Number of protein chains: 2
Amino acid sequence: MQHDRIRGVLCPVTTPFRSDLSIDPPRFVAYCRWLLSQQCGLAVFGTTSEANSLSACERSMMLDSLVSAGLDTSRMMPGTGCCSISDTVKLTEQAIKSGCAGVLMLPPFYYKDVSEEGLYRYFSEVIQRIGDSRLRVYLYHIPPVAIVGITPSLIERLLKQYPIAIAGMKDSSGVWETTKMYLEEFAKSGFDVFVGRETFLLDTMRLGGAGTISATATVNPSPTYKLFMEWESTEAEAQQEKLNATRDIFNKNYSAIPALKQAIALYGNDAAWAKVRPPLVELTPAQAESLASELKKAGFEMPDWGRTEIGVEI
Amino acid sequence: MQHDRIRGVLCPVTTPFRSDLSIDPPRFVAYCRWLLSQQCGLAVFGTTSEANSLSACERSMMLDSLVSAGLDTSRMMPGTGCCSISDTVKLTEQAIKSGCAGVLMLPPFYYKDVSEEGLYRYFSEVIQRIGDSRLRVYLYHIPPVAIVGITPSLIERLLKQYPIAIAGMKDSSGVWETTKMYLEEFAKSGFDVFVGRETFLLDTMRLGGAGTISATATVNPSPTYKLFMEWESTEAEAQQEKLNATRDIFNKNYSAIPALKQAIALYGNDAAWAKVRPPLVELTPAQAESLASELKKAGFEMPDWGRTEIGVEI
């Protein structure tokens, strides 16, 4: 099965908001179109997308806006995992109907210390309600944020029961040893492991991984895709180092999501892009200036990501 | 202001599900009607209610079912805090329009390590969007589950800006020293502190608290209300001890929410009530039997909670 499935670099696209914090479909569509043109797929509605700060209805409208704009849904893996089975099923059904390659599914993350049996029942209930042979679920393991995680034995149990629907995972543990463990345990059987930070992209590819779904790829798509394609080349190590340096700029001294949005605002001359929804907070002017200077110093570049499509002048 | 506000024992009513996990309004209404008849208020859609395992739409329908059935909404404090401001505002607006006494509001709980500024902006944005002088927000502090908590300095800042809308809190830290701190810092100024477990009800009343919003009160409403009313009597200590013993049965050897539902099923001869939504899991038959025997041994009783209203025979 795995060769039919989506692979490569998927971007957890940041979500643009208007000044009143409402969603901004034109900016979103333009940005997504640009990321596709950079050969990346779209993991819309992830952690970086502030997806849990959106209502299910807002997520649904945003996916509709991508479909209406004619963007290629076969290169999309929207996040659909909510605390409630009802919302998860609704969003997942929409993703399948829209032709999406798969869905990235958080475990229900409100209750802590839940049993593996409870999580199994959650995913099982969702898969059975959907009841569609096109369903491809990618389990989303992000314990630093969700706290509730996806254990190897849960994957094993789900894979045994749903070998087609359970297609892979995103490991955002942030710990290479953990990603390595998932790769070694499951990649050979055709379970697709995407690593949650491109820092480990080369290592992931070497162990048979499917690619990366990484926040920074949203502002640095082309170089990330290049490494995905050329990981066996002699240039790979140097490319990986360059990706790491860029990632470090966004993550070391700033809150990552506001910093990514600030970069899009800066390089697109489009201040609106910096807006985040509470509980996140935009960078301070001083932080924004310091980020700009670090990026400039590192020679960071972003091509026109479609700002001309929405009428932003440069 | 505080004397106009809701006080006493509020029950975070468990949510009944049909065998297909859909919500079951008739059982819900009957149970809520019974709790009101026991002099308790209703903190529907709390943690014990599995509220985050419901979609916003399901919560909305359930509140509507209470209103349609003519239940007294002035004794209700529905949980309305979601990760997304959009959902929180929608549910809160409905609660106000329905005449609810207030709303119990979780902080947005997906992102961890968020700043106080971010949480302030979240609550502030909600209050401003609602823009209704009838709004009474009770901040919901439950760090063992939500991880994201409500700090004293956040309360201070919110109270300063919104002295009418910020009416109080529920402290489910589970730590008496923490509840005491909130009471000592804020109760005198008219900020209503409800303690999240009735174990601390007597101590809370002695320090000027407003009552309790406690899971066990949902199956043990009358004795809990009695202590609230008689906390200054010589019987109070003994009453408190008896409440604690009952609570211990549900919490010590069982997962609390499934155990509460199992008790309702058992004492109402209504097996349907035991159902929980994943990721929670029902008690095993052996656990259910052991719970029944412990409750019997302790002389635990539950009057007819309205099962006759929905046609359950005994």
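Data block above holds the structure.
A. Up close: the overall build of chain A. Counting its secondary structure elements, chain A contains 12 helices and 7 strands. In terms of overall size, chain A behaves like a compact globule, its C-alpha atoms giving a radius of gyration of 18 Å where 314 residues would be expected to give roughly 20 Å. Dimensions of chain A, computed from the C-alpha atoms along their principal axes, are close to 55 × 45 × 35 Å. Residue burial in chain A is summarised as follows: out of 314 residues, 62% are buried. Within the structure as shown, chain A displays about 11900 Å² of accessible surface, and the carbon and sulfur contribution to it stands at 50%.

B. Local environment of the relation of the copies chain A and chain B. Overlaying chain A on chain B yields an RMSD of 0.0 Å, the required transformation being a rotation through 180 degrees with an accompanying axial translation of 0.0 Å. Both copies of the chain, as the preceding transformation shows, are related through a two-fold rotation axis. Closest to the rotation axis within chain A is the C-alpha of A:Tyr110, separated from it by 4.1 Å. Residue by residue, 100% of the interface of chain A is reproduced at the interface of chain B, so both copies engage with the same surface.

C. Main features of helix 2 (residues 56-68) of chain B. Compared with the 18 Å implied by 1.5 Å per residue over 13 residues, the 18 Å span of helix 2 of chain B between its first and last C-alpha is a close match. Residues B:Ala56, B:Glu58, B:Arg59, B:Ser60, B:Met62, B:Leu63, B:Ser65 and B:Leu66 constitute the buried set of helix 2 of chain B. Buried residues in helix 2 of chain B make contact with helix 3 (85-97) of chain A together with helix 1 (25-37) and helix 3 (85-97) of chain B. Phi turns positive one or two residues past the end of helix 2 of chain B, at B:Gly70, with a value near 80 degrees.

D. View of the pairing of strand 4 (residues 137-141) of chain A. Residue and element names in this part refer to chain A. Counting buried positions along strand 4 yields 5 of 5 residues, so the element is predominantly enclosed. Neither face of strand 4 is exposed, since Val137, Leu139 and His141 on one face and Tyr138 and Tyr140 on the opposite face are all buried. The sheet contact formed by strand 3 (residues 103-105) and strand 4 spans 3 bridges and is parallel. Following the sheet pairing, Met105 is matched in strand 4 by Leu139.

E. Structural context of helix 10 (residues 236-252) of chain A. The end-to-end C-alpha distance of helix 10 of chain A is 23 Å, a good match for the 24 Å that 17 residues give at a rise of 1.5 Å each. On its buried face, helix 10 of chain A is in contact with helix 8 (201-206), helix 9 (221-229), helix 11 (256-267) and helix 12 (285-297) of chain A.

F. Quick peek at the interface of chain A and chain B. The partner chain B presents 44 residues to the 44 residues of chain A that form the contact. Surface buried jointly by chain A and chain B totals about 3200 Å² across both partners, of which 63% is contributed by carbon and sulfur atoms. The largest share of the area that chain A buries against chain B comes from A:Tyr110, A:Tyr111 and A:Pro279, three residues that together contribute 26% of it. Here A:Glu282 and B:Arg121 are joined by a salt bridge, their closest N and O atoms 2.9 Å apart. Grouping the constituent residues of the side of chain A that touches chain B by class yields 25 nonpolar, 8 polar and 11 charged.

G. Quick look at the pattern of salt bridges. Applying the stated criterion to the full structure yields 34 salt bridges over all chains. A:Glu184 serves as the salt-bridge partner of A:Lys180, at 3.5 Å between the closest nitrogen and oxygen. Placement of both A:Lys180 and A:Glu184 in helix 7 (residues 176-186) is noted, with a separation of 4 residues, approximately one turn of the helix. When its relative accessible area of 27% is taken as the criterion, A:Lys180 is described as partly exposed. Taking the shortest distance from any N to any O, the salt bridge between B:Asp203 and B:Arg206 comes out at 4.0 Å. On the criterion of helical spacing, the pair formed by B:Asp203 and B:Arg206 is a turn pair, its members being 3 residues apart in helix 8 (residues 201-206). We classify B:Asp203 as partly exposed; its relative accessible area is 30%. Each of A:Glu117, A:Arg121, A:Arg157 and B:Glu282 takes part in one network of salt bridges that share partners.

H. Local environment of the pairing of strand 6 (residues 192-195) of chain B. Residue and element names in this part refer to chain B. Covered by surrounding structure in strand 6 are Asp192 and Phe194 together with Val193 and Val195, the residues of both alternating faces. Regarding topology, helix 7 (residues 176-186) serves as the crossover connection from strand 5 (residues 166-171) to the parallel strand 6, and that connection is right-handed. Sheet analysis places strand 6 next to strand 7 (residues 211-213), joined by 2 bridges and oriented parallel. Of the residues in strand 7, the one forming a bridge with Phe194 is Gly211. For the handedness criterion, the β-α-β arrangement of strand 6, helix 8 and strand 7 is classed as right-handed.

I. Just the sheet that holds strand 2 (residues 41-42) of chain B, in detail. Residues and elements named next belong to chain B. A sheet is described by the order of its strands in space; here 7 strands give the open sequence 2-1-7-6-5-4-3, paired in parallel fashion. The open sheet has two free edges, formed respectively by strand 2 and strand 3 (103-105), since each of these has just one partner strand. Bridge count between strand 1 (residues 8-11) and strand 2: 2 bridges; the pairing is parallel. Looking at strand 2, one finds that Cys11 is bridged to Leu42.

What counts, and where the lines are drawn
Residues numbered from 1 in each chain as written. Chains lettered and ligands numbered in written order. Predicted model: local features only at pLDDT ≥ 70, side-chain atom pairs only at ≥ 80, totals over all residues. Heavy atoms only, no water. Helix = DSSP H or I, 4+ residues; strand = E, 2+ residues; numbered from the N terminus. Rg over C-alpha atoms; globule rule 2.2 N^0.38 Å. Buried < 20%, exposed > 50% of the residue type's maximum accessible area, 1.4 Å probe, protein only. Areas by Shrake-Rupley, 256 points an atom, 1.4 Å probe, with all protein chains shown as cover. Least-squares fit on C-alpha atoms with pLDDT ≥ 70 in both. Contact = heavy atoms within 4.5 Å. Expected span 1.5 Å × (residues − 1). Pairing = 2+ DSSP bridges. Buried area = accessible area lost by both parts, 1.4 Å probe. Salt bridge = Lys/Arg side-chain N within 4 Å of Asp/Glu carboxyl O. Nonpolar A, V, L, I, M, F, W, Y, C, P; charged D, E, K, R; others polar. Right-handed = clockwise from strand over helix to strand, strands pointing away.

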